[in-house]
Amino acid sequence: MGQILSVMESILEWIWDNLYIINVVFAIAIVFFQRKSPKEVWAWLLLMYFIPIVGFLLYMVVHQDMYKRHMFQIKEIEDKLNASIRKLEKRIQKDKKMLLPDDMKQYNNLVLYNLDTTGSVYSNDNSVEIYTDGVEKFQRLLDEIDKAESFIHIEYYIIKKDELFQKIKEHLVEKVRQGVEVRILYDSMGCRNMMKKDWRELNGYGIKTGDFFPASLKWLHVRLNYRNHRKIVVIDNKVGFVGGFNVGREYISLDKKFGYWRDTHFVLYGTSVADLEMRFALDWNYATKENLFLDGQKYFARWEETCSGHKGMQIITSGPDSKYPQIRDTYLSMMHKATKNIYIQTPYFVPDEPILAALKFAARAGIDVRLMIPCKPDHPFVYWATYSYMGELLEAGAKCYTYENGFLHAKGITVDGMVTCYGTANMDIRSFALNFEVNAVVYDRETAMEMEEIFRRDMEHSKEVTWNDYSHRNLSIRLKEQISRLFSPVM
């Protein structure tokens, strides 16, 4: 034992003596072996300078893994192969110019961008129902589960073992007894509240489960990035759910810490449901190696009776395996096209330079730019960085609000009462590059106007933060902002 302690002491002494050299080596690894923005590089270098060794360990845990390209190479190849089902549809759509009506033609290039970069097909036979209350959303989900005849596909970032999931489980078990296929795809980090035995119990009932990105050391999650942040439910390819609600008691406003939970979720009918199912199938295939595309007629057939809507839509996705930051680029394109107003709701506002510049330019150009964030943090470090960036918008002439009636978790943007884009992606760097996300872009005035009206109703439960308020904030807030802002590129 004494010999072991002596060896460990020698190792620690060597590390201490060579700390400068070790830090330099780590810094070289960041600068030369990964392509990053200069701001991001400097943020990590500062962290390593002030916290030697620990800074690099944090880098390995919370930032991009040096082997990301290899980690998701197989998934990227599989996505391309399986997405070949869209190639003919893509070509037909381009040839027939199945784009937007004349009064929205300024968004045609955005439709084509999403089509060309990741095969996000545009369809105009959809209907959309908007839910902002968790109790109502999950009751609707249970109602649709009870109607299922063939399959139920569920994909959530967070599933907690509490009364909400217990209720959902009871309905799912009953559907399995009736011969309906049930699959649940989850993220091991988001579902760390669930134990292996809980998933085995579901398997025992006949429910198939898949872990999208398992913990590398069983219960120990050493990678905080590359999480599957998507929330998708598809039932019989007839109805689809996508938005911000996860599965947990706080999402139905039963957690006193957050109070009322204000979120946004879409219930979809039409061709867009098949596009959601496509995304689920690709993720399921990666996690479980069960290829749902082998039975395409069952899982991807269009149900004509559900395609009676008239709303134009694209389902867009992005993630660390994507060549392009599709959701971020869609947000950016919408901002650049705005002529009247831009309404944004997000719990985290940590934009990259192009997004921030576009919003500041729009505000200075007389466009009505409004940002709404929560009044309370669930992640304090990110919250104070958000508050810092909000200050820049205020200075540029934007209007900013903090939602005071509980916790705001809605994620999206509406522009000019014409186009809206809501889903799982926050307005932050993490959602743009590090998480797997999914959003619905709705090219429809009726839906956009409804989202604007919801925003205005939320303003009644919000406090406007003026430039005068912000410029007179106390020293404590200023310090928290500066520290958080300094490391915002690495969040």
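Look above for the structure.
This structure is a prediction, so every number in the text was calculated from the model and none was measured.

Counted by the stated rule, this structure contains 17 aromatic pairs. Taken together, a centroid distance of 5.9 Å and an interplanar angle of 70° make the contact between Y122 and Y443 edge-to-face. One end of the pair, Y122, is in the loop between α8 (108-118) and β1 (123-133); the other, Y443, is in strand β17 (residues 437-443), and 321 residues separate them in sequence. With a relative accessible area of 5%, Y122 lands in the buried category. Judged by its relative accessible area of 3%, Y443 is buried. With centroids separated by 6.4 Å and ring planes inclined at 50°, the aromatic side chains of F266 and Y422 adopt a geometry described as tilted. Pair noted here: F266 is in strand β7 (residues 261-269) and Y422 is in strand β15 (residues 419-423), with a separation of 156 residues, a long-range link. These aromatic residues form a ring-pair network of at least three members: Y251, F258, W261 and F407.

Contact pair helix α14 (residues 326-337) / helix α15 (residues 353-364): the axes reach a minimum separation of 9 Å and the direction vectors enclose 20°. Relative to α15, the element α14 lies roughly parallel. As for how α14 packs across α15, the hand of that crossing is left-handed. Of the residues in α15, those in contact with R328, Y331, L332, M335 and H336 of α14 are P354, I355, A358 and L359. Residues belonging to the contact of α14 with α15 are distributed by class as follows: seven nonpolar, one polar and one charged.

Each regular strand carries side chains that alternate between the two faces of the sheet. The side-chain alternation of strand β5 (residues 232-235) yields two buried faces, one formed by I232 and V234 and the other by V233 and I235. Bridging between strand β2 (residues 151-156) and β5 involves four bridges; their strand directions are antiparallel. Residue I154 lies in a different strand from β5, and its bridge partner there is V233.

Among the five residues of strand β6 (residues 239-243), five are classified as buried, and the element is accordingly described as predominantly covered. Burial along β6 is two-sided: V239, F241 and G243 and G240 and V242, pointing in opposite directions, are all buried. Both β5 and β6 contribute to a ladder of four bridges, which runs antiparallel. Opposite I232, over in β6, you have V242 as the bridge partner. The hairpin turn running from β5 into β6, its antiparallel successor, is three residues long, and D236 in that turn takes a positive phi close to 60°. With four bridges connecting them, β6 and β7 associate as antiparallel partners.

About the criteria used
- Residues numbered from 1 in each chain as written.
- Predicted model: local features only at pLDDT ≥ 70, side-chain atom pairs only at ≥ 80, totals over all residues.
- Heavy atoms only, no water.
- Phe/Tyr/Trp six-rings, centres within 6.5 Å; stacked < 30°, edge-to-face > 60°.
- Helix = DSSP H or I, 4+ residues; strand = E, 2+ residues; numbered from the N terminus.
- Buried < 20%, exposed > 50% of the residue type's maximum accessible area, 1.4 Å probe, protein only.
- Axes fitted to C-alpha atoms, helices over the stretch in contact; angles between N-to-C directions.
- Parallel < 35°, antiparallel > 145°, perpendicular 65-115°, else oblique.
- Left-handed = near helix turned anticlockwise from the far one by under 90°.
- Contact = heavy atoms within 4.5 Å.
- Nonpolar A, V, L, I, M, F, W, Y, C, P; charged D, E, K, R; others polar.
- Pairing = 2+ DSSP bridges.

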